[in-house]
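# Topology and contacts: notes
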Amino acid sequence: MSGLGSWAARRLLLGGAQTVAVVVLVFALTEALPGDAAVALAGDQPDPARIAAIRAALDLDRPAYERLADWATGLLHADFGNSLTSGRPVSSYISDAFGPTLLLAGLTVALLVPVGVGLGVLAARYEGRFVDRLVSSVTLGVYAVPEFAFGVLLVTVFALRLDWLPPTAVGYGTDLLGHPAALVLPVLVLLSRPVCSLSRLVRAGMIDALASPYVAQARRYGIPGARVRYAHALPNAMAPAAQQLARTVDWLLCGVIVVEALFVIPGLGTVLMNAVAERDVPVVQGLAVIFGVITVVLNLGADLVAHRFAPRAEVAA
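Figured I'd write up the structure that's included with this text. None of these values were measured; they are calculated from a predicted model. (Residues numbered from 1 in each chain as written. Predicted model: local features only at pLDDT ≥ 70, side-chain atom pairs only at ≥ 80, totals over all residues. Heavy atoms only, no water.)

Before going further, it helps to examine the nonpolar core. For soluble globular proteins, nonpolar side chains are generally found buried alongside one another. Ranked by size, the top nonpolar core spans 44 residues in total, and within it Trp71, Leu185, Phe263, Val283 and Leu287 carry the most contacts. Core analysis: the next-biggest nonpolar cluster, separate from the first, contains 21 residues, Leu112, Cys196, Met206 and Ala241 among them. (Core = buried A, V, L, I, M, F, W, Y, C linked by side-chain atoms within 4.5 Å. Buried < 20%, exposed > 50% of the residue type's maximum accessible area, 1.4 Å probe, protein only.)

So, on to the packing of aromatic side chains. One pair of aromatic rings is described through two measures. These are the centre distance and the angle between the planes. Scanning the model with the defined rule gives 2 aromatic pairs in all. Between Phe158 and Trp164 the ring centres are 6.0 Å apart and the planes differ by 45 degrees, which places this aromatic pair in the tilted class. Among the residues examined, Phe158 registers a relative accessible area of 26% and is labelled partly exposed. Judged by its relative accessible area of 60%, Trp164 falls in the exposed class. (Phe/Tyr/Trp six-rings, centres within 6.5 Å; stacked < 30°, edge-to-face > 60°.)

Take the pattern of salt bridges next. Applying the stated criterion to the full structure yields 2 salt bridges. Residues Asp132 and Arg203 are paired through a salt bridge, measuring 2.7 Å at the closest nitrogen-oxygen approach. On the criterion of sequence distance, the pair formed by Asp132 in helix α6 (residues 130-143) and Arg203 in helix α8 (residues 181-210) is long-range, its members being 71 residues apart. The exposure class assigned to Asp132 is buried, which follows from its relative accessible area of 3%. A relative accessible area of 23% means that Arg203 is categorised as partly exposed. (Salt bridge = Lys/Arg side-chain N within 4 Å of Asp/Glu carboxyl O. Helix = DSSP H or I, 4+ residues; strand = E, 2+ residues; numbered from the N terminus.)

For the rest of this paragraph, the subject is the layout of surface pockets. Estimates place the volume of the second largest pocket at around 190 Å³. In this structure, the second largest pocket is lined by 14 residues; those nearest its centre are Arg88, Tyr93, Thr270, Val271 and Asn274. Of all the secondary structure elements, the ones that give two or more residues to the lining of the second largest pocket are α5 (90-125) and α12 (268-278). The element contributing the most residues to the lining of the second largest pocket is α12, with 5 residues. Looking at the lining of the second largest pocket residue by residue, the classes come out as 6 nonpolar, 4 polar and 4 charged. (1 Å grid on protein atoms, 1.4 Å probe; cavity = no way out; pocket = protein on both sides within 12 Å on 5 of 7 lines; lining within 4 Å. Points joined across faces, edges and corners; volume = space filled by probe spheres on them. Nonpolar A, V, L, I, M, F, W, Y, C, P; charged D, E, K, R; others polar.)

Right, let's get into empty space enclosed by the protein. Tallying each qualifying case throughout the model produces 1 cavity of 30 Å³ or more. Within this model, the largest cavity holds a volume of roughly 30 Å³. Along its surface, the largest cavity is lined by Thr101, Leu104, Ala105, Leu190, Leu252, Val256 and Glu260. At 3 residues, the largest contribution of residues to the lining of the largest cavity is made by α5. For the lining of the largest cavity, a count of residues per class yields 5 nonpolar, 1 polar and 1 charged.

Printed below as a string of structure tokens:
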């Protein structure tokens, strides 16, 4: 336990350093963006005096290091600043859009874990046989289809031709949970590629684990096959799968722009697209920091799970 505690402490320190690096990098990259927010806000025929007044009102005329210090201090108090275009707090944009994105991510992960792990264990159990070849072929074929094309195909078949499901979430706002039919197609698109990669990772890990000496020893002791697979082989096969699952959750929470744009879902990806189009720097910065912190936290969690299941691997995401 002491070894695990010191390892976790080192990872937490590394995560803190990564978070600080994310804040500095986000500010530097947004500062390097071409164009001027004051010019964009001034209209089609900007007046120099008006541009100067806007820059002064938004503190854009202050040195970059002063604005970085003020912004970082505000982040410590969960203050992301205000939008340049609407004047609303950036935190309100994030809170309004986080619900739909979190709902999509939660439903996807809830289906991804049992389906991905189940398919991987099934393929590994029948390695080299028809079931294994069928699962491997189908997952490889589905993974090769781009998300946008797969989404368009599902909309064409199930929404336009069969009229079973709504093609988009237009008119539902952020109350997607009250209209579950609008969630079916987006979740299927989000699930398609992650379930393929997760099942293939679990399959590979299970094949290695089932061929290991400790599994052979367990079988010699007469332990039932199901217990050998799920109590002995599966935990050791989950270390790389945990890393992949963390990357998938990160991808889901950090705004799946293609899916949200295709199905008109008002999530974080949609807010980010609109902010970039309007050059609303505080909103872009706030979302980028949120995405970066989510990535750091999920990778720390995945490392902890991988270290717990396979301490010798000490794989870093």
